[in-house]
Amino acid sequence: MDKKVAELINDQINKELYSAYLYLDFANYYGSVGLDGFANWYKIQAQEERDHAMLFFQYLENNGEKITLEAIAKPDKVLDSHMAPLEAGLEHEKYVTSLINNIYEAAHEVKDFRTMQLLDWFVKEQGEEEKNASDMITKMELFGSDAKGLYMLNSELGARVYSAPSLTL
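It should be emphasised that the depicted structure is a prediction, and the values quoted were computed from it without experimental measurement.

Chemist: In this structure, what is going on with the pattern of salt bridges? I would like to understand it.
Modeler: Close approach of charged atoms allows side chains with opposite charge to pair. Counting across every chain of the model gives six salt bridges. The salt bridge involving K3 is made with E7; its shortest N-O contact spans 3.9 Å. Of this pair, K3 and E7 both sit in helix α1 (residues 3–32), four residues apart, which is roughly one turn of the helix. Overall, E7 belongs to the partly exposed group, its relative accessible area being 47%. Across the pair K131 and D135 runs a salt bridge, and its minimum N-O distance is 2.7 Å. Here the residue K131 and the residue D135 both occupy positions in helix α4 (residues 113–143), the gap between them amounting to four residues, near one helical turn. Judged by its relative accessible area of 31%, D135 falls in the partly exposed class.

This is the structure:
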């Protein structure tokens, strides 16, 4: 495996674990203000991010690469409104998309087709992640200022259940 590609994937493991921390922070915020459905949604999102990290971990391991785990940074987003985590979430997903694209570009440069195939799943997943984040903002803009609307949205998000990623290595 190309050294640069392996390093980028190794770094992505840390970034995915940070994403899990960030979403747990969002869940904590929402739990503290009584929006348990939003908290549930972000707890599940954190599980997904941990799974993404483990997929990259397994991929490097399967390819005989040494994995180096780094410290995970403390989330630093200011969560001062119900909309703040949603906006920060969309911003973060766009950032993660850029990271996946950078790995893909590096793999393409060295004709690492196996890694590109792995990353195809993540490219699709990031499209879904950005859409989900954007849709949540739209719903909050539409219904969040109305108590009954917020209650219904919170109930909808509370019904989300965890599904393991469809990618297998």
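We are not done yet, so read on.
Chemist: Where do I start with the nonpolar core in this structure?
Modeler: Most often, soluble globular proteins have nonpolar side chains that are buried together. Ranked by size, the top nonpolar core spans 26 residues in total, and within it F26, Y30, F38, Y42, L86 and M136 carry the most contacts. The set of elements that each furnish at least two residues to this core consists of α1, α2 (36–62), α3 (84–109), α4 and α5 (147–158). Among the elements that make up this core, the one with the highest residue count is α1 (eight residues). Once residues within four sequence positions are removed from consideration, L86 is found in contact with Y30, F38, Y42, M136, I137 and M140. One finds I9, I67, I100 and L119 within the second-largest nonpolar core, a separate group that totals 21 residues.

Criteria and cut-off values
Residues numbered from 1 in each chain as written. Predicted model: local features only at pLDDT ≥ 70, side-chain atom pairs only at ≥ 80, totals over all residues. Heavy atoms only, no water. Salt bridge = Lys/Arg side-chain N within 4 Å of Asp/Glu carboxyl O. Helix = DSSP H or I, 4+ residues; strand = E, 2+ residues; numbered from the N terminus. Buried < 20%, exposed > 50% of the residue type's maximum accessible area, 1.4 Å probe, protein only. Core = buried A, V, L, I, M, F, W, Y, C linked by side-chain atoms within 4.5 Å. Contact = heavy atoms within 4.5 Å.

Function-wise, these values are silent; they only describe arrangement.
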